[in-house]
Amino acid sequence: MATRIPGISELSTTDLPVLKPFLPRSSPQLHTSAWLAGFSPWTGLLLFLPLMLWPFASHAAGNYTIIDAFGTLWHWIPFLLKSGFLFNVIISLFAMLIGTAAGIVLGLGQISKISVTRKISWFITQLFRNSPWLVLLFIVLLAFPFEITVFGVIIMIPDWMKAVIGLSLPIMANISEIVRGAIMSVPTAQWEAAESLAFSRQQILWRIILPQCFKRMIPPWMNWYAILTMATPLCSLLGVEEIITLSRQAMEAENNHPELLVPFYSFALGLFFIYCYPIARMTMYLERRYAVKI
Amino acid sequence: MTSKSTEVIVSIKDVHKSFGELEVLKGVSIDVRKGEVICIIGPSGSGKSTLIRCINALNDIQGGSINVCGIDVTDPKLQKLELRKRVGMVFQQYNLFPHKTALENIMMAPTLVLNEDKETVRKRAFALMQKVRLEGKENAYPGELSGGQQQRVAIARSLAMNPDVMLFDEVTAALDPETVKEVLVTIKDLAQEGMTCILVTHEMGFAREVADHIYFTDNGVIVEHGPPKTFFTKAKDPRTKEFLSQIL
Ligand SMILES: Nc1ncnc2c1ncn2[C@@H]1O[C@H](COP(=O)(O)OP(=O)(O)O)[C@@H](O)[C@H]1O
Ligand SMILES: [Mg+2]
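Residues numbered from 1 in each chain as written. Chains lettered and ligands numbered in written order. Predicted model: local features only at pLDDT ≥ 70, side-chain atom pairs only at ≥ 80, totals over all residues. Heavy atoms only, no water.

Enquirer: Give a detailed account of the packing of helix α4 (residues 66-110) of chain A against helix α7 (residues 159-184) of chain A, specifying residues and quantitative values.
Expert: Residue and element names in this part refer to chain A. At a closest axis distance of 5 Å, the pairing of α4 and α7 adopts a crossing angle of 40 degrees. When the axes of α4 and α7 are compared, the pair comes out oblique. Here α4 and α7 pass one another in a crossing that is right-handed. (Axes fitted to C-alpha atoms, helices over the stretch in contact; angles between N-to-C directions. Helix = DSSP H or I, 4+ residues; strand = E, 2+ residues; numbered from the N terminus. Parallel < 35°, antiparallel > 145°, perpendicular 65-115°, else oblique. Left-handed = near helix turned anticlockwise from the far one by under 90°.)

Enquirer: Describe unusual backbone geometry, naming the residues involved and giving the relevant values.
Expert: A positive phi angle, near 50 degrees, is found at F151(A), a position not held by glycine. With respect to the helices and strands, the residue F151(A) is situated in the loop between β1 (147-150) and β2 (153-156). We note that D14(B) has phi near 50 degrees; this positive angle belongs to a residue other than glycine. As for its position among the elements, D14(B) is in strand β1 (residues 8-19).

Enquirer: Summarise the sheet that holds strand β4 (residues 63-68) of chain B; cite the residues concerned and give the values.
Expert: Residues and elements named next belong to chain B. The strand order across the open sheet built from 4 strands is β2-β1-β4-β5, with neighbouring strands paired in antiparallel fashion. The sheet is open, and its two borders are formed by β2 (22-33) and β5 (71-72), each paired with just one other strand. Pairing analysis gives 9 bridges linking β1 to β2, with the strands arranged antiparallel. When the bridges of β2 are listed, V15 appears paired with V28. (Pairing = 2+ DSSP bridges.)

Enquirer: Tell me about the sheet that holds strand β6 (residues 87-90) of chain B, residues and numbers included.
Expert: Residue and element names in this part refer to chain B. Across the sheet, 6 strands lie side by side as β6-β7-β8-β3-β9-β10; this open sheet has mixed pairing. The open sheet has two edge strands with one neighbour each: β6 and β10 (221-226). This sheet shows a mean twist of 20 degrees between the axes of neighbouring strands, independent of strand direction. For strand β7 (residues 165-169) and strand β8 (residues 196-200), the ladder comprises 5 bridges, and the chain directions are parallel. Looking at β8, one finds that M166 is bridged to C197. Here helix α5 (residues 147-159) sits on the sheet in contact with β6 and β7, set at roughly 170 degrees to β6. (Contact = heavy atoms within 4.5 Å.)

Enquirer: Describe in detail α4(A), supporting the description with residues and values.
Expert: In this model, α4(A) (45 residues) spans only 56 Å end to end at C-alpha, well below the 66 Å of a helix rising 1.5 Å per residue. Along α4(A), the helix axis deviates most sharply at L80(A), where the bend reaches about 50 degrees. (Expected span 1.5 Å × (residues − 1). Bend = angle between axes of the 7 residues up to and from the residue.)

Enquirer: How would you sum up the pattern of salt bridges? Please name residues and give values.
Expert: Between side chains of opposite charge, a pair can form when the charged atoms approach closely. This structure, assessed with the given rule, holds 13 salt bridges over all chains. Here E192(A) and R53(B) are joined by a salt bridge, their closest N and O atoms 2.7 Å apart. A residue pair is termed interchain when its members come from two chains, as with E192(A) in helix α8 (residues 188-196) and R53(B) in helix α1 (residues 48-55). Note on accessibility: E192(A) and R53(B) belong to one class, buried. As a salt-bridge pair, E195(A) and R84(B) come within 3.6 Å of each other at their nearest N and O atoms. You can see E195(A) sitting in helix α8 and its partner R84(B) sitting in helix α2 (residues 80-86), one on each of two chains. A residue is classified by how much of its surface remains accessible, and E195(A), at 6% relative accessible area, is buried. (Salt bridge = Lys/Arg side-chain N within 4 Å of Asp/Glu carboxyl O. Buried < 20%, exposed > 50% of the residue type's maximum accessible area, 1.4 Å probe, protein only.)

Dropping the structure here:
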């Protein structure tokens, strides 16, 4: 064929002008969101109650009571929120922003007409999609310098920024797959109709193909945001200040009473639930809506 | 029918086309003069779609030559976009852009490809909607239109580029019997206005009525061709006879 559309004409075979269900290859298909959205709002939170009550049962005899433990938690909550969870949110937002921007470029690279670009984009995508996130985080944290000098000005790079880079890599790779999958879900017939009207490849992509599959990319994209947010505590293993790191430090400051463990970590778990649950519900809602109509 | 000039506008000479090992076109030659209506008929899989897709370079060819409006389609430096501005194509499955209204579907290519003034194009698009008898449906999305209506928008969309040649690939094959007629009427109007048309069709009555010349293809070759009168009544080749007996 004179006008092969690499990665598209070869694999997409239908003649019909319909959008096929969009299945990004072998990604955990909204699995996380589906699971999370499966809770009803209150049972979700109620699940944490037994956890919180656990100290009553096991340490009722100690002189550091569960009341003390909750009092301590109460005392630390503003700090945990402002200096801790806020950073989880900030890290997740920046990582998502960078990951999305880079992922779109990489995804378009995967359907490039230039075979070298296509292969390199594919390789980068697969590499970061299939690497453990923690390993990526370690590499970035250790490989990046503590400071860079720009025009004689020394700029310190805080650890959380490195964490952003580290987490944006797997996001980039997964967004790349979403973009590629969405573009491929548009039937070849749309490309051919546009080609026969003398549209250029750029015009076809930006004016005809992407507008059709844009909405379909939103649910999987949001799904990855929820996954990313829930992965931000990984940064605590690297000493980045976020909620888990600070919870540990707070407990240390409170003489490491074992009664503190469950209230503190349950609190963190609850926060993640409260933050991610609406996103998951929204994801599933949009998924259902866009599945019916384009 | 309008008088035909003798100027050959599409010249297909000994075209060979293969998909890998499979040779689909085995030396096909057709000349189409300006204003002529050509119908290509033949059994499914005989290479009809492949042939007309070669004319606007959606498929490339391995042998022979194709010349459209003076543009050599086999030229390695072929400006595909220039060729496609001259050749309109309508598909079996309409292939309208689902995220655009009927009017936007028609306006897109002239504004974006030909860089024409938007208001001029809008006027032309309204006129075209009228021409294909769809006035009032300008703001409907393809999903809100019947198959026959979508196909007429698709025809208008191609016409908006002011092509010299129109290609139709079994454009009524996916339609309900009731809506087939409205599309055929549209094409007939075009033919009578002197548009050069190359049609692949199974509508024998229509072919007999509007075609200047009919080509019967089987297994990648043209078995027999001629003007409708002689073609339908005096077919000589047994393959043609068998095909016609099945379809008529
Ligand atoms: N893109 C393609 N790749 C491989 N084989 C193809 C392709 N398109 C068509 N063919 C084959 O070419 C032959 C002719 O197809 P086609 O031109 O669509 O026939 P028709 O339109 O007459 O039914 C068929 O055997 C078909 O399977
Ligand atoms: Mg066909």
